[in-house]
Amino acid sequence: MGLLDILLGRTKPVVPDLDQLFALPSAAVTLEAAAGFTPTGQGAVCFATVEGSAFEQTHREVQALLDADTERTGPPVRLVRDDYGYSWLLSQRTPDQLPLLVNDLHAVNSAMEVNGFGPQLLCSLAGFEDRRDGTEEAGTEQAGGRRLALVYLYKRGSFYPFAPLPGPGQRRDGALELQVQAALTGDLRIEQDLGRWFPVWGAPGL
């Protein structure tokens, strides 16, 4: 990056590094120790929907590839459209199969790249939950039933936590997100620009 780029605030685009996804299993160990969250076994890849036969064929091939896994015991991979018009490929494994789930997420992203749809990739996420009943954190409403996603931003090559609060409305637990950020700094490449910690309301797998 040249001096002119620095002065004008321009930065080079970050090259996507899908291998960052393989850090999730070790980060999950840290997350459980630090905040009590464990994997749900659900994860998804989000991409901008594209009309056309090539796009349809690509996501069907990806679904078929993942469903052909002989170790898969859960539901088939599903394509879901959210309320904002984005597409999600949702994979469901058992909670103890996070490495296999990560392989699924990596495979979806890689297949989209190979078929020329890398620019449409937005993010991937793995779901976590706190199943404690709250007695371990007396006087709070936060333990038990909390959900959390570790979101990988494809175009940034970085992760951030997203923690929606239970109940009506769209509210997020900012304190928990910052706690998770601090806990996982040594495990994941955490996105430093908090303005890019986009809420993924209603995301499949969360």
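Quick look at the structure, then.

What counts as what
- Residues numbered from 1 in each chain as written.
- Predicted model: local features only at pLDDT ≥ 70, side-chain atom pairs only at ≥ 80, totals over all residues.
- Heavy atoms only, no water.
- Helix = DSSP H or I, 4+ residues; strand = E, 2+ residues; numbered from the N terminus.
- Buried < 20%, exposed > 50% of the residue type's maximum accessible area, 1.4 Å probe, protein only.
- Pairing = 2+ DSSP bridges.
- 1 Å grid on protein atoms, 1.4 Å probe; cavity = no way out; pocket = protein on both sides within 12 Å on 5 of 7 lines; lining within 4 Å.
- Points joined across faces, edges and corners; volume = space filled by probe spheres on them.
- Nonpolar A, V, L, I, M, F, W, Y, C, P; charged D, E, K, R; others polar.
- Core = buried A, V, L, I, M, F, W, Y, C linked by side-chain atoms within 4.5 Å.
- Axes fitted to C-alpha atoms, helices over the stretch in contact; angles between N-to-C directions.
- Contact = heavy atoms within 4.5 Å.
- Salt bridge = Lys/Arg side-chain N within 4 Å of Asp/Glu carboxyl O.
- Disulfide = S-S within 2.5 Å.

What follows is about the overall build of the protein. For the protein, the count of helices and strands is five helices and six strands. By residue count, 46% of the 206 residues in the protein fall in the buried class.

Across four bridges, the pairing between strand β2 (residues 78-81) and strand β3 (residues 86-92) is antiparallel. Note on β3: the bridge partner recorded for R81 is S87. The antiparallel pairing of β2 with β3 creates a hairpin that spans four residues between the two strands, and G85 there sits at a positive phi of about 90 degrees.

If a probe the size of a water molecule is rolled over the atoms, the empty space left behind becomes visible. Approximately 360 Å³ is the volume found for the largest pocket. When contributions to the lining of the largest pocket are tallied by element, the ones reaching two or more residues are β3, β4 (121-130) and β5 (146-153). Each residue belonging to the lining of the largest pocket can be placed in one class, and the counts come to 16 nonpolar, one polar and four charged.

Ranked by size, the top nonpolar core spans 52 residues in total, and within it L31, F128 and L188 carry the most contacts. The element contributing the most residues to this core is helix α4 (residues 98-114), with seven residues.

For the rest of this paragraph, the subject is the sheet that holds β5. Across the sheet, six strands lie side by side as β2-β3-β1-β4-β5-β6; this open sheet has antiparallel pairing. Whereas interior strands pair on both sides, the edge strands pair on one side only; in this sheet they are β2 and β6 (158-162). In this sheet, adjacent strand axes meet at a mean angle of 25 degrees when their direction is disregarded. Bridge analysis of strand β1 (residues 38-48) against β3 gives seven bridges, and the strand direction is antiparallel. Within β3, the position partnered with C46 by the bridge is W88. Across the sheet, helix α3 (residues 53-67) lies against β1, β2 and β3, angled at about 135 degrees from β2, the strand it touches most.

Under the defined criterion, the tally for this structure stands at eight salt bridges. Between E56 and R60 there is a salt bridge, with its nearest N and O atoms 3.9 Å apart. Highlighted residues: E56 and R60, both in helix α3, separated by four residues, approximately one helical turn. Residue E56 is classed as partly exposed on the basis of its relative accessible area of 24%. The closest approach of N and O atoms between R93 and D104, which form a salt bridge, is 3.0 Å. Placement of R93 in the loop between β3 and α4 and of D104 in helix α4 is noted, with a sequence separation of 11 residues between them. As far as the burial class goes, R93 and D104 line up, both buried.

Here the focus is the state of the cysteines. Considering all chains together, one arrives at zero disulfides under this definition. Summary of cysteine pairing: C46 is not part of a disulfide, and the nearest cysteine sulfur, belonging to C123, is at 4.7 Å. Overall, C46 belongs to the buried group, its relative accessible area being 4%.

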